[in-house]
Amino acid sequence: MSVVQVSRSTHAMGAVIYAAYGRGEDAREENQRAAHMSYFSLDVASSPKAWCTKGLNWVHGAATARKNEAFLITQSFSPEEFSSDDETDIARVHGAGMELAQRMAPNSPYFVATHTDAKGGHLHTHIVGLNPDSSTGKGAPKGLRHHPSVRQATE
C-alpha cells in the first residue's frame, strides 16, 4: 500500500529537474538521480528538460492563462513491501506510478521518475503532470486537487 502526497506547482521545470536529477551540482550537471524515468505524450523527448520546455510552450499557449503549470504527486512505498535493491521491485513501483498518472489525468502529459535513495530506504515515485487537459483545453481533472481522490485511485 502506498502513501501519496498531492500538490500543485507554478514552476513545472523545477519539479521535473528535481525528480530527474535532484538538487545542487547533480542538477546543474544533469547527473540522473532517478532509477527510472518515463514520459507520456508530447512526443519523445531527448531529456527531461526538453520534455518540460515543450510542455510549457503547450501549457502557456492554452486559451486561458494558467497560474499552476503542473500537478505533483509523490507516491511512496514501505521498504517492507518493496526493496530499493531489487530491480524488479523498482520496475513495479515505477509501473504503479505510470498507472496512477494515467488513471488520474489520462489526457494530460506527465513525467514519472522513480527514486531509490530516500533516507528511510523506501522507493518513491515523483509524478509531474502538466496542466491543462489536452482533450478539453481546460484545467487538469478536479480530482487531482482532492487528496482523497488520488488516495482512492491507489487502492
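In case you missed it, the structure is sitting above this.
Quick caveat: nothing in here was measured; it's all calculated off a predicted structure.

J.: Where do I start with the sheet that holds strand 5 (residues 124–130) in this structure?
T.: Where strands meet in a sheet, backbone hydrogen bonds hold them as pairs that are either parallel or antiparallel. Here we have five strands laid out as an open sheet, ordered 1-3-5-4-2, and antiparallel in their pairing. The open sheet is flanked by strand 1 (2–9) and strand 2 (36–40), the only strands paired with a single partner. Strand after strand, the sheet turns through a mean of 15 degrees between neighbouring axes, direction not considered. With six bridges connecting them, strand 4 (residues 110–115) and strand 5 associate as antiparallel partners. Bridged to Tyr-110 within strand 5 is Gly-129.

J.: Help me out: how do you make sense of helix 3 (residues 48–60) in this one?
T.: Within an α-helix, residues lying three or four positions from one another point in the same direction, as the helix has 3.6 residues per turn. Here helix 3 contains 13 residues, and its C-alpha end-to-end distance of 18 Å stays within 8% of the 18 Å for a straight helix at 1.5 Å per residue. What helix 3 keeps buried is the set Pro-48, Trp-51, Cys-52, Gly-55, Leu-56 and Val-59. For helix 3, the angular spread of the buried residues around the axis is 130 degrees, confining them to a single face. In this fold, the buried residues of helix 3 make contact with helix 1 (12–21), strand 2, strand 4 and strand 5.

J.: When you look at helix 4 (residues 87–104) in this model, what are you seeing that I'm missing?
T.: Between its terminal C-alpha atoms helix 4 stretches 26 Å, which fits the 26 Å expected from 18 residues at 1.5 Å a residue. Among all positions in helix 4, only Asp-89, Ile-90, Val-93, His-94, Gly-97, Leu-100, Ala-101 and Met-104 are buried. An end-on view of helix 4 places all buried positions within 140 degrees of arc, on one side of the element. Within helix 4, the exposed residues directed more than 90 degrees away from the buried face are Thr-88 and Arg-92. Capping the start of helix 4 is the job of one residue whose side-chain oxygen sits 2.8 Å from the backbone nitrogen of Thr-88: Asp-86.

J.: Which parts of the structure should I look at to understand the packing of aromatic side chains?
T.: Enumeration over the complete set of coordinates arrives at five aromatic pairs. Between Tyr-39 and Trp-51 the ring centres are 6.0 Å apart and the planes differ by 40 degrees, which places this aromatic pair in the tilted class. Linking Tyr-39 in strand 2 with Trp-51 in helix 3, this pair joins segments that are 12 residues apart in sequence. Of the residues examined, Tyr-39 reaches a relative accessible area of 26% and is grouped as partly exposed.

J.: Just to check I follow, could you spell out the nonpolar core for this structure?
T.: Among soluble globular proteins, nonpolar side chains are generally buried collectively. By size, the foremost hydrophobic cluster in this structure holds 19 residues, and its most contacted members are Ala-12, Val-16, Trp-51, Cys-52, Phe-111, Val-128 and Leu-130. For this core, the elements supplying multiple residues, two or more each, are helix 1, helix 3, strand 4 and strand 5. If you tally residues by element for this core, the top one is helix 1, at eight residues. Formed by 10 residues, the second largest nonpolar core is a distinct cluster that contains Ile-73, Tyr-110, Val-112 and Ile-127.

J.: Quick question: what am I supposed to make of the environment of Asp-86 here?
T.: With respect to the secondary-structure elements, Asp-86 resides in the loop between strand 3 (70–77) and helix 4. Note: C-alpha distance between Asp-86 and Thr-116 (30 residues apart in sequence) is 9.9 Å.

J.: Help me understand the pairing of strand 4, please; the structure alone is not making it clear to me.
T.: Of all the six residues making up strand 4, six are buried; the element is thus mostly covered by neighbouring parts of the structure. With burial as the criterion, each face of strand 4 is covered, one bearing Tyr-110, Val-112 and Thr-114 and the other bearing Phe-111, Ala-113 and His-115. Two strands pair when backbone bridges link them, and strand 2 and strand 4 are joined in this way by five bridges, in the antiparallel orientation. Each residue of the ladder has a partner; that of Phe-40, found in strand 4, is Tyr-110.

Procedures and definitions
- Residues numbered from 1 in each chain as written.
- Predicted model: local features only at pLDDT ≥ 70, side-chain atom pairs only at ≥ 80, totals over all residues.
- Heavy atoms only, no water.
- Pairing = 2+ DSSP bridges.
- Helix = DSSP H or I, 4+ residues; strand = E, 2+ residues; numbered from the N terminus.
- Axes fitted to C-alpha atoms, helices over the stretch in contact; angles between N-to-C directions.
- Expected span 1.5 Å × (residues − 1).
- Buried < 20%, exposed > 50% of the residue type's maximum accessible area, 1.4 Å probe, protein only.
- Arc of directions from axis to C-beta.
- Contact = heavy atoms within 4.5 Å.
- Polar contact = N/O pair within 3.5 Å; in protein donor to acceptor, adjacent residues only side chain to side chain.
- Phe/Tyr/Trp six-rings, centres within 6.5 Å; stacked < 30°, edge-to-face > 60°.
- Core = buried A, V, L, I, M, F, W, Y, C linked by side-chain atoms within 4.5 Å.

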